[in-house]
Amino acid sequence: MTTAILEMRGITKEFPGVKALNNVTFSVKRGEIHCLVGENGAGKSTLMKVLSGVYPHGSYTGEIGFAGQVQQFRGIRDSERAGIAIIYQELALVPELTVYENIFLGNEVRKGALIDWNETIKRATQMLAKVRLDVNPEAKIKDLGVGKQQLVEIAKALSRDVKLLILDEPTAALNEGDSANLLDLLRGLRDQGVTCILISHKLKEVIAIADSVTVLRDGQTICTLDAHEGEVSEPILIKHMVGREIEQIYPPREHKQPGAVVLEVRDWSAYSPSLGRQVLRNVSFTLRKGEIVGFAGLMGSGRTELALSIFGNSPNYRIEGELQLKGEPRQLRRPSDAIAAGIAYVTEDRKGNGLILIQDVKQNITLANLRALAQRSVIDANAEVKIANEYRTTMNIKTPSVEQRVSNLSGGNQQKVCLSKWLFVKPDVLILDEPTRGIDVGAKYEIYTLMNSLVDQGMSIVMISSELPEVLGMSDRVYVVASGRITGELSVSEATPEKIMELATN
Amino acid sequence: MMSGKTEAQASGSFMQDLSKVLRQNIRDYGMYIALFVIMVIFAITTNGIFLSPRNLSNLLNQTGYIAVLAVGMTLVIVIRHIDLSVGFLAGFLGAVAAIALVQWGLPTLFVIPLVLGLGALAGLITAFPIAQLGIPSFVASLAGWLIYRGMLQLATEGTGTIIIPDAAFNAIGNGFIPDVPLGGPFEQIHSLTLLLGIIAIGLFIYNDLNSRKKKIAYGFEVLPTAIFALKLIFISGIVGWITWVLANFNGLSWTVVVMLLVVGIYHFITTSTVLGRHIYAVGGNPEAAELSGISVKRITYIVFGSMGMLSALSGILFASRLQSATTTAGTLFELDAIAAAYVGGVSAAGGVGRVTGSIIGALVMTSLTSGMNLMGVGISYQYIVRGVVLAAAVIFDVATRRAAR
Ligand SMILES: Nc1ncnc2c1ncn2[C@@H]1O[C@H](COP(=O)(O)OP(=O)(O)OP(=O)(O)O)[C@@H](O)[C@H]1O
Ligand SMILES: [Mg+2]
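This is a predicted model, so every value here is computed, not measured.

### Here's the deal with the domain arrangement of chain A
Note: interface size is frequently given as the accessible area lost on complex formation between the parts. Residues and elements named next belong to chain A. The domain architecture assigned to chain A consists of domain 1 (4-242), domain 2 (251-342 + 431-506) and domain 3 (350-426). A straight line from the C-alpha centre of domain 1 to that of domain 3 covers 31 Å. Listed by partner, the interface residues are eight residues for domain 1 and nine residues for domain 3. Buried area between domain 1 and domain 3, summed over both chains or domains, comes out near 570 Å², and the portion from carbon and sulfur atoms is 44%. There are one salt bridge connecting domain 1 and domain 3. Close ionic contact of aspartate 218 with lysine 398 constitutes a salt bridge, the shortest N to O distance being 3.1 Å. Remark: the boundary between domain 1 and domain 3 carries two residue pairs in polar contact (both at pLDDT 80 or more).

Laid out in structure tokens, this is it:
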């Protein structure tokens, strides 16, 4: 049990203007669950991409020893063949294909030149049993929730006889039940001899599951801790990650007397023609000036749909109900109407519909409010750079320059670009959909502090979050959503995790 | 124009700087280099005829009607669509212009805006099923291809080729800007062309120096001084040389003036305005653009409308050049325009591509035709060579993009 399956020595990886990894040493023992933690942009994902051959041998310096051999992977295929499987921050399944097709995609079960579909389905069923996922293998991926998709990804990895399984923030998009389920599964796999590397910003789960933890900071290995020696706790991890101690996770929040009603939604129902079902039923809620209202609930409960339907209804739902802004009934037909009315929506899916990945940081930050930078429709390029640099400083975005493409930023820093973009719109109502997904502890604290100062300045915030501690720590009031309905409203003093979970599951 | 980015690191020797700048910006400079290489090759294989004033002047005039299409096509491809209908739309609208001039007896100054308007309308009609119903643009514009081909044949059915006797109209494709007689040493030289060329170079140098100064004042990265100077000299040299060659012939043609205006306007729109940024945002990620308050539908209409208008312009340039409208006008223009856009660095994945690049792409494609014609290469081989160049351009694009990761 104590021999190393993986030894990465002296790994250095540079991008133009950034040294993402600087002489990193990383060693993983056979059969353990090894967690990799660090701030946004510390180099965790990059290290895993070096390991899995996404960055081929020669594009970095240093040495990789895996399963007793020095490895020089030229691509992902090489590392897959050696028994390494990586599940990325963003899932890589084909939504239109079925579960079994996805599991064996690129690794088809052949009979001669043809695919043996019967055998494929049989084996897929076995794999699904292994990850304890109870779905029809013939279901399409797009009909599954994120949690189940995650398990399909793991089933896919297992179908290739994997020795080392790497998961990059697998639980970022999962609710607590699904997360616990996934962690359980990883423990089971460990008992069957699969070694596992897990990247996560959720320190609680790191502590719950890790055999060892390695901390990266600014592209360097800070330390590797052995959980069985009892040296791992949240404060210790945070101290190693950020280089100083952070006493609180949530900044103090005084619950002031809220102001007048800013946004009121009444009997709001939405039918989705493309999904062919009702996504929202008779939702009513209010939001007051200077208030943070939390929306709790399980994944897929309809909170994002609610936000999108209010924010100009981009999914083209058929909507019934009334929406009032500052006491006036309004019809917001397009996102541009909503923006003009003073609403901003920070999406939960930053890569899918938040950012323009091929454009640079400044273009993304200014996109939703270009007119503020333009005179007679001509953009003032210098003012744009200046604005972008201001947000880079205040939001602490880690990037060599605002001319860097956002696809080159780490996940957490991309999230900060998204936030900056909507702050630049200077809205009255800010809808945050999972605002701290994939964000490190230090940056979370910064974002919470920012939220506090925004409401102090008179903004009103709707915070959709699947992290109960966050909902409880930041909200003035909490609505619980389940199956497209609001099942309860709690003031912060009466809200408890138990009550919320009960309302969320009924 | 060419732009460069470098890191603000301690600059090494000149050659190191140069190779670094070239490597980092190879995607931007690639087609300029390709054009340069092609011109040198033809200069050698045709014993210099290729670079003769007459041939260069002709080459630029032939590029005109493809270049304006390529500019419009660039934006269409940037927003992840394609428009196959532009060739026959150009041919049909050229015939409409001829009929309006010849049969209806309308004046040129009225016919040109009319035809441009009809073109824009046709573009909006193509955009309707695409924007409103989500029909793939390939299919919608293929329908347009068939319809406009039919309409072109209908329009020219009775008369066959329509000869256009209107001198003003024909000047667009064949005429040159007037000269200012200066006499003396300028007797043989088209002095207005020379003057415009010198003004253009002056403006270019002034602009570049100015923006460099501003960037330095803001503390942004700039090219190393020696490289910057080289770039200025190189571009001024090329513009100066072309001006000199043209001034020694008939001067600047109206076609080139039109082409330069179109590129100038579109370059400005795409790089400096809110509309331009919105177009590239829609191309980069339509969902994100929509959620940022940009109407993807509106952008689709605008881009196809502009494509239709430029198709009309292309049709006018072509009819004017031939001084007639023919039953086959516009055949394969769409493919030349698409090829020019790809050679010029547009990416099929959307959100990437410059109109200046597409003009260079158009020049590459017409240079190939012109050079091979001079060499007496058979038409079948010409198609093959152009196909190979197109494939090479796209492979180069993909390869440099991968290397840039
Ligand atoms: N392709 C790239 N080009 C340029 N810089 C890059 C590229 N990929 C990553 N970087 C930079 O390397 C650093 C490390 O990024 P990485 O994605 O490994 O961070 P991370 O630890 O995974 O962070 P997060 O927790 O936010 O996901 C960051 O500063 C990032 O901007
Ligand atoms: Mg990461």
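From this point on, the discussion continues.
### As for the interface of chain B and chain A
Across the boundary between the two partners, chain B contributes 26 residues, which contact 33 residues of chain A. With both sides pooled, the region where chain B packs onto chain A buries about 2400 Å², and carbon together with sulfur makes up 62% of that total. The largest contributions to the chain B side of the interface with chain A come from Val274(B), Arg277(B) and Leu291(B), which together make up 31% of the buried area. Linking chain B with chain A are one salt bridge, by the criterion used here. Between Glu384(A) and Arg277(B) there is a salt bridge, with its nearest N and O atoms 2.7 Å apart. Linking chain B with chain A are six residue pairs in polar contact (both at pLDDT 80 or more). Contributions of two or more residues to the side of chain B that touches chain A are made by helix H8 (191-218), helix H10 (254-272), helix H11 (274-284) and helix H12 (286-291) of chain B. In terms of residue count, the dominant contributor to the side of chain B that touches chain A is H11(B) (seven residues). Residue composition of the side of chain B that touches chain A, grouped by class: eleven nonpolar, nine polar and six charged.

### Comments concerning the sheet that holds strand S1 (residues 4-15) of chain A
All names here are of chain A. Strand order in the open sheet formed by four strands is S2-S1-S4-S5, with antiparallel pairing between adjacent strands. Each edge of the open sheet carries a strand with a single partner, namely strand S2 (18-29) and strand S5 (69-71). For this sheet, the mean inter-axis angle between neighbouring strands, taken without regard to orientation, is 20°. Of the pairings in the sheet, the one linking S1 to S2 comprises eight bridges and is antiparallel in character. Note that in S2 the partner of leucine 6 across the bridge is valine 28. Strand contacts of helix H1 (residues 44-51): S1, S2 and strand S4 (61-66), with the helix running at about 115° to S1, the strand carrying the most contacts.

### Things to note about the sheet that holds strand S15 (residues 292-297) of chain A
Two modes of strand pairing occur in sheets, parallel and antiparallel, and in both the strands are linked by backbone hydrogen bonds. All names here are of chain A. Within the open sheet, the six strands sit side by side as S18-S21-S22-S15-S23-S24. Their pairing is mixed. Two strands lie at the open edges of the sheet, namely strand S18 (343-346) and strand S24 (485-491), each paired on one side alone. Each adjacent strand pair in this sheet contributes to an overall mean axis angle of 20°, direction not counted. Of the pairings in the sheet, the one linking strand S21 (residues 429-433) to strand S22 (residues 460-464) comprises five bridges and is parallel in character. Bridging from a neighbouring strand, aspartate 433 pairs with isoleucine 464 of S22.

### Observations regarding H1(A)
Residues and elements named next belong to chain A. Here H1 lies mainly inside the structure; six of its eight residues are buried. Here H1 has its buried residues at Lys44, Thr46, Leu47, Met48, Val50 and Leu51. Positive phi shows up at glycine 53, right after H1, with a value of about 85°.

### Let's talk about the domain arrangement of chain B
All names here are of chain B. Assigned domains within chain B: domain 1 (52-175 + 253-405) and domain 2 (182-252). The centre of domain 1, based on its C-alpha atoms, is set 28 Å off from the matching centre of domain 2. At the junction of the two partners, domain 1 supplies nine residues and domain 2 supplies seven residues. In total, about 680 Å² of surface goes out of reach between domain 1 and domain 2, with carbon and sulfur atoms giving 82% of it. Considering only the surface of domain 1 that becomes buried against domain 2, Pro53, Leu56 and Ser253 emerge as the three largest contributors, covering 50% of it. In this structure, the connection of domain 1 to domain 2 is made through zero salt bridges. Between domain 1 and domain 2 we count zero residue pairs in polar contact (both at pLDDT 80 or more) in total. When residues of the side of domain 1 that touches domain 2 are traced back to their parent elements, those giving at least two are helix H3 (53-78) and H10. When residues in the side of domain 1 that touches domain 2 are grouped by element, the largest group, five residues, is from H3. Counted by class, the side of domain 1 that touches domain 2 contains six nonpolar, two polar and one charged residues.

### Focus on the packing of helix H1 (residues 14-24) of chain B against helix H9 (residues 225-247) of chain B
All names here are of chain B. One can describe the packing of H1 onto H9 by two numbers: an axis separation of 9 Å at closest approach and a directional angle of 65°. In the crossing of H1 with H9, the sense of the turn from one axis to the other is right-handed. In this structure, H1 contributes Phe14, Asp17, Leu18 and Val21 to the contact, and H9 contributes Ala226, Ile227 and Leu230. Counted by class, the contact of H1 with H9 contains six nonpolar, no polar and one charged residues.

### So, the pairing of strand S23 (residues 477-482) of chain A
Residue and element names in this part refer to chain A. Burial analysis of S23 places six of its six residues in the buried class, which makes it a mostly covered element. Alternating positions in S23 separate into two faces, Arg477, Tyr479 and Val481 on one and Val478, Val480 and Ala482 on the other, with burial throughout. Pairing analysis gives six bridges linking S23 to S24, with the strands arranged antiparallel. Within the sheet, the bridge partner assigned to tyrosine 479 lies in S24 and is glutamate 489. Once S23 ends, the chain turns through two residues before running back antiparallel as S24, passing serine 483 with a positive phi of about 45°.

### A look at the site of ligand 1
All names here are of chain A. Close to ligand 1 lie 21 residues, the nearest being Gly41, Ser45, Thr46, His201 and Gly412. Contacts to ligand 1 include serine 45, whose side-chain N or O atom sits 2.7 Å from an oxygen atom. A distance of 2.5 Å separates an oxygen atom of ligand 1 from a polar side-chain atom of threonine 46. Burial of ligand 1 by the protein chains amounts to 93% of its free accessible area of 640 Å².

### Points about the nonpolar core
If you look at the biggest cluster of nonpolar residues, it comprises 78 residues, and the most contacted ones within it are Val71(B), Val115(B), Phe169(B), Val262(B) and Ile279(B). With 13 residues, the top contributor of residues to this core is helix H4 (residues 86-102) of chain B. Leave out the neighbours within four places in its chain, and Phe169(B) touches Ala97(B), Leu101(B), Thr108(B), Ile164(B), Ile316(B), Ala319(B) and Ser320(B). Core analysis: the second largest hydrophobic core is formed by 70 residues, Ala344(A), Tyr345(A), Leu409(A) and Val462(A) among them.

Thresholds applied
- In this numbering scheme, every chain counts its residues from 1 along its sequence in written order.
- Lettering for chains starts from A, numbering for ligands starts from 1, and both go in the order in which the items are written.
- The model is predicted, so local features are restricted to residues of pLDDT at least 70 and side-chain atom pairs to those at 80 or more, both for listing and for counting; the totals for chains, interfaces and linings are taken over all residues.
- For the side-chain quantities, the full set of heavy atoms in the structure was used; hydrogens and water were omitted.
- Each domain's extent is set by a domain assignment, obtained either automatically or from a database.
- Contacts: residue pairs with any heavy atoms within 4.5 Å of one another.
- When two parts are put together, the accessible area they lose, computed with a 1.4 Å probe and summed over both, is reported as buried area.
- Only one rule defines a salt bridge in this text: a Lys or Arg side-chain nitrogen within 4 Å of an Asp or Glu carboxyl oxygen.
- Under the rule applied, a polar contact is a pair of N or O atoms within 3.5 Å (in protein, one hydrogen donor and one hydrogen acceptor; residues adjacent in sequence only if both atoms are side-chain atoms).
- The secondary structure listing takes helices from DSSP runs of H or I that are at least 4 residues long and strands from runs of E that are at least 2 residues long, numbered from the N terminus.
- Side-chain classes follow a simple rule in which Ala, Val, Leu, Ile, Met, Phe, Trp, Tyr, Cys and Pro form the nonpolar group, Asp, Glu, Lys and Arg form the charged group, and the remainder, Gly included, forms the polar group.
- For two strands to be treated as a pair, DSSP must find at least two bridges joining them.
- Only the contacting stretch of a helix is used when fitting its axis, a line to C-alpha atoms as for every element, and angles between N-to-C directions run 0 to 180 degrees.
- Each residue gets one of three labels from its accessible area relative to the maximum for its type: buried under 20%, exposed over 50%, partly exposed in between, using a 1.4 Å probe on protein chains only.
- Handedness of each helix crossing follows the sense of rotation of the near helix against the far helix: counterclockwise by less than a right angle gives left-handed, clockwise gives right-handed.
- Note on definitions. A residue lies near a molecule or strand when any single heavy atom of the residue is within 4 Å of it.
- In this description, accessible areas are obtained by the Shrake-Rupley approach with a 1.4 Å probe, and a residue is regarded as covered only by the protein chains that are shown.
- By nonpolar core is meant a set of buried Ala, Val, Leu, Ile, Met, Phe, Trp, Tyr and Cys residues that side-chain atoms within 4.5 Å join together.

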